[in-house]
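Summary of structural features
Listed here are the chains, written in short residue letters.
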Amino acid sequence: MTTIQTYLAELPAETKEKFVPLFGDTEKFYATVYMVIHNEHMTEIEKPDRYEDRLYMIRTAKNNIEKLLTSWGLNGKDIVADIASDYFEDYVAYKEPEFPITTKQFVGIIREILQLQL
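Residues numbered from 1 in each chain as written. Predicted model: local features only at pLDDT ≥ 70, side-chain atom pairs only at ≥ 80, totals over all residues. Heavy atoms only, no water.

**Remarks on the overall build of the chain**
For the record, the criterion: Secondary structure is summarised from DSSP: a helix means a run of H or I of at least four residues, a strand means a run of E of at least two, and numbering begins at the N terminus for each. Atoms counted for the radius of gyration: C-alpha only. Globule rule: 2.2 Å times the number of residues to the power 0.38. Working definition: with a 1.4 Å probe on protein chains only, accessible area under 20% of the residue-type maximum means buried, over 50% means exposed, and in between means partly exposed. Residues are treated as being in contact if the distance between any of their heavy atoms lies within 4.5 Å. Each accessible area is a Shrake-Rupley result for a 1.4 Å probe, and residues are judged covered by the shown protein chains and nothing else. Think of it this way: Lys and Arg go in the positive column, Asp and Glu in the negative one, and His and the chain ends go nowhere. The location of each charge is read from NZ of Lys, CZ of Arg, CG of Asp or CD of Glu.
Tallying secondary structure elements over the chain gives seven helices and zero strands in all. Here the chain has a C-alpha radius of gyration of 14 Å; the compact-globule value for 118 residues is 13 Å, and the two agree. Burial statistics for the chain: of 118 residues in total, 39% are counted as buried. Taking all contacts inside the chain whose residues are at least 6 apart in sequence as the whole, residues at least 24 apart take part in 68%. For the chain, the accessible surface area stands at approximately 7400 Å², while carbon and sulfur atoms represent 51% of it. Charge separation in the chain, taken as the distance between the mean sites of 13 positive and 20 negative side-chain charges, equals 6 Å.

**Topic: the environment of E40**
Following the sequence through the fold, E40 ends up in helix α4 (residues 26–46). Sequence separation between E40 and Y56 is 16 residues, and the spatial gap between their C-alpha atoms is 9.3 Å. If near-sequence neighbours (up to four positions away) are discounted, E40 is found in contact with L55, I58, R59 and K62.

**Re the nonpolar core**
Applicable threshold: By convention a nonpolar core is built from buried Ala, Val, Leu, Ile, Met, Phe, Trp, Tyr and Cys residues, the set being connected through side-chain atoms within 4.5 Å.
In this structure, F19, F23, F29, L69, I83 and I113 are the most contacted members of the largest nonpolar core, which totals 32 residues. Mapped onto this core, the elements with two or more residues apiece are α1 (3–9), α3 (20–23), α4, α5 (51–71), α6 (76–92) and α7 (103–115). If one sorts the elements of this core by residue count, α4 sits on top with nine residues. Sequence-distant contacts of F23, defined by excluding residues within four places in its chain, comprise K28, F29, T32, L68, W72, I109 and I113.

**Thoughts on the pattern of salt bridges**
Note the cut-off: Every case where a carboxyl oxygen of Asp or Glu lies within 4 Å of a side-chain nitrogen of Lys or Arg is listed as a salt bridge.
All told, the structure shown has five salt bridges when counted by the stated rule. For R50, the salt bridge identified is with D53, shortest N-O distance 2.8 Å. R50 sits in the exposed class, given a relative accessible area of 62%. Looking at D53, the relative accessible area reads 39%, which means it is partly exposed. Across the salt bridge formed by E66 and K77, the nearest N and O atoms sit 3.2 Å from each other. You can see E66 sitting in helix α5 and its partner K77 sitting in helix α6, a full 11 residues away along the chain. Residue K77 is classed as exposed on the basis of its relative accessible area, which comes to 56%. Look at the salt bridges and you will find they share partners, linking E40, E44, R59 and K62 into a network.

Dropping the structure here:
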């Protein structure tokens, strides 16, 4: 387990409860942010058709996650940055972790995040 995963696992129960309605739990939250960072990175590298639009949506989701965490009294920017650091460490090591979240769940969470008014 990485430092940020340990931090999330050790959050007080009342803080962890805040993750449940949108993410299910802190593990799925971690997986969601990790996958957002992955999608942002791959979009920047591969530059598919309309990649600017895609990057805008990805970055909006990332910013909404940071704001949501901050509204819960957590340091949203640092948490997202720590998860991004985990992603890039895995990327350079050619490591692809498996997560407890399906693509369908991920897309559903992202849709909800993009609709947040923060």
